[in-house]
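Here's the letter readout for the chains.
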Amino acid sequence: QVQLVESGGGLVQAGGSLRLSCAASERTFRRSMGWFRQAPGKEREFVATAIWNIGSTKYADSVRGRFTISRDDSKDAVYLQMNSLKPEDTAVYYCAATLRDSYTNVIAAQSYRYWGQGTQVTVSS
């Protein structure tokens, strides 16, 4: 069982930046690591992922160019740098991990087996 703990959320003004961190209790090596978010009254949505086997990243159109996902497998951690934040980025942000050696649709929430408890990000206008 992989436990994921997010940190770094908070309140920020529009145009500001935040850096989210996710620490895993087991090795992140050979797992795709993703970030999702859920705003009040909305479905959980994909934000970004770092794919293990091809070493690339994918982003939702709404955050591409503003957010950057990175991973440090030596520390079993994944990060989300969020710049130029907008009020519509307000949500609970969740870190997620796939099973090891998983070849799945990495933008689909159901592809991720392990989830953190989430961290609140609030962007004021």
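From a predicted model like this one, the values you see are computed outputs, not experimental measurements.

### Looking at the overall build of the chain
Tallying secondary structure elements over the chain gives 0 helices and 11 strands in all. Element order for the chain, N to C, with α for helix and β for strand: β-β-β-β-β-β-β-β-β-β-β. At 13 Å, the chain has a C-alpha radius of gyration in line with the 14 Å of a compact globule built from 125 residues. Taken along its principal axes, the extent of the C-alpha atoms in the chain is 40 × 25 × 25 Å. A buried classification covers 45% of the 125 residues belonging to the chain.

### Comments concerning the pairing of strand β1 (residues 4-7)
Residues Leu4 and Glu6 of β1 are buried on one face, while the alternating residues Val5 and Ser7, pointing to the opposite face, are not. By the bridge criterion, 4 bridges tie β1 to strand β3 (residues 18-24) in an arrangement that is antiparallel. Among the inter-strand pairings, Glu6 is bridged to a residue of β3, identified as Cys22.

### Section: the pattern of salt bridges
For the coordinates displayed, the defined rule picks out 8 salt bridges. Here Arg37 ties to Asp89 by a salt bridge, and the two come within 2.9 Å at their closest N and O atoms. Within this pair, whereas Arg37 is found in strand β4 (residues 33-38), its partner Asp89 is found in the loop between β8 (77-82) and β9 (91-97), the two being separated by 52 residues in sequence. Of the residues examined, Arg37 reaches a relative accessible area of 5% and is grouped as buried. Residue classification places Asp89 among the buried positions, given a relative accessible area of 1%. For Arg66, the salt bridge identified is with Asp89, shortest N-O distance 2.8 Å. You can see Arg66 sitting in the loop between β6 (57-59) and β7 (67-72) and its partner Asp89 sitting in the loop between β8 and β9, a full 23 residues away along the chain.

Cut-offs used in this document
Residues numbered from 1 in each chain as written. Predicted model: local features only at pLDDT ≥ 70, side-chain atom pairs only at ≥ 80, totals over all residues. Heavy atoms only, no water. Helix = DSSP H or I, 4+ residues; strand = E, 2+ residues; numbered from the N terminus. Rg over C-alpha atoms; globule rule 2.2 N^0.38 Å. Buried < 20%, exposed > 50% of the residue type's maximum accessible area, 1.4 Å probe, protein only. Pairing = 2+ DSSP bridges. Salt bridge = Lys/Arg side-chain N within 4 Å of Asp/Glu carboxyl O.

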